[in-house]
Amino acid sequence: MKIRKIDIDWKKVGSAVKEFFIALGRGELLTRMRVDKLFPYILYLFLLGCISIWMSYHAEQTMLKVQKNSSTLRTLKIYNAQKTYEIVALDRIATVEKMLEEAGSEVKAPEKPADRLK
């Protein structure tokens, strides 16, 4: 196997680099690369990217609302349990009598069962 020496024309490479930077400075680089034919596809990809970002943003906002609502729901469940306990405690006759005494009422629970009229 024989190794061949590759001759590089450094003048052409230098002029190509020079032309590249000149086109880049003038804003003609993409036109020279014929990217203008791909403009509809680039626009389509940009639109899809924007939609993806928008949907991710809204999904994140929804998850934030769910977290806030779940913490509020936990607090309200505790509050509901406390109020239920208080209401059940008020259902006892002894508690009602005690509340009536504290209010200064003369009403008391009946001491004998009610008489039935015929």
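None of these values were measured; they are calculated from a predicted model.

1. Focus: the overall build of the protein
Point 1. Of regular secondary structure, the protein possesses four helices and zero strands.
Point 2. Helices (α) and strands (β) of the protein occur, in sequence order from the N terminus, as α-α-α-α.
Point 3. A globule of 118 residues ought to have a C-alpha radius of gyration of about 13 Å, yet the protein, at 43 Å, is considerably larger.
Point 4. With the C-alpha coordinates of the protein rotated into their principal frame, the extents come out at 125 × 40 × 30 Å.
Point 5. Expressed as a percentage of the 118 residues in the protein, the buried residues total 3%.
Point 6. For the protein, the computed accessible surface area is about 12,200 Å², with 64% contributed by carbon and sulfur atoms.
Point 7. Taking the 21 positively charged and 14 negatively charged side chains of the protein as two groups, their mean positions are separated by 18 Å.

2. So, the packing of aromatic side chains
Each aromatic ring pair is described using two quantities: the centre-to-centre distance and the angle formed by the ring planes.
Point 1. Tallied over the full model, the rule gives one aromatic pair.
Point 2. With 5.3 Å between their ring centres and 75 degrees between their planes, F20 and F21 make a pair best called edge-to-face.

Rules used in this analysis
Counting of residues starts from 1 at the beginning of each chain's written sequence and follows it residue by residue. Restriction of local features to residues with pLDDT of at least 70 applies here, the model being predicted, together with a cutoff of 80 or more for giving and counting side-chain atom pairs; totals for whole chains, interfaces and linings are based on all residues. Only hydrogens and water are set aside; all other atoms, that is, all heavy atoms of the structure, feed into the side-chain values. We count a stretch as a helix when DSSP gives it H or I for four or more residues in a row; a strand needs E for two or more, and each element gets its number in order from the N terminus. As a reference, a globule follows 2.2 Å times the number of residues to the power 0.38, and the radius of gyration itself is taken over C-alpha atoms. Only protein chains enter the calculation, and the probe is 1.4 Å; a residue is then buried if its accessible area is under 20% of its type maximum, exposed if over 50%, and partly exposed in between. Computed by Shrake-Rupley with a 1.4 Å probe, the accessible areas treat only the displayed protein chains as cover when residues are assessed. When charges are counted, neither His nor the chain ends are considered; positive counts come from Lys and Arg and negative counts from Asp and Glu. Every charge is mapped onto a representative atom, which is NZ of Lys, CZ of Arg, CG of Asp or CD of Glu. Only Phe, Tyr and Trp rings are paired, with Trp represented by its six-membered ring, and only when their centres lie within 6.5 Å; those with planes under 30 degrees apart are stacked, over 60 edge-to-face, the remainder tilted.

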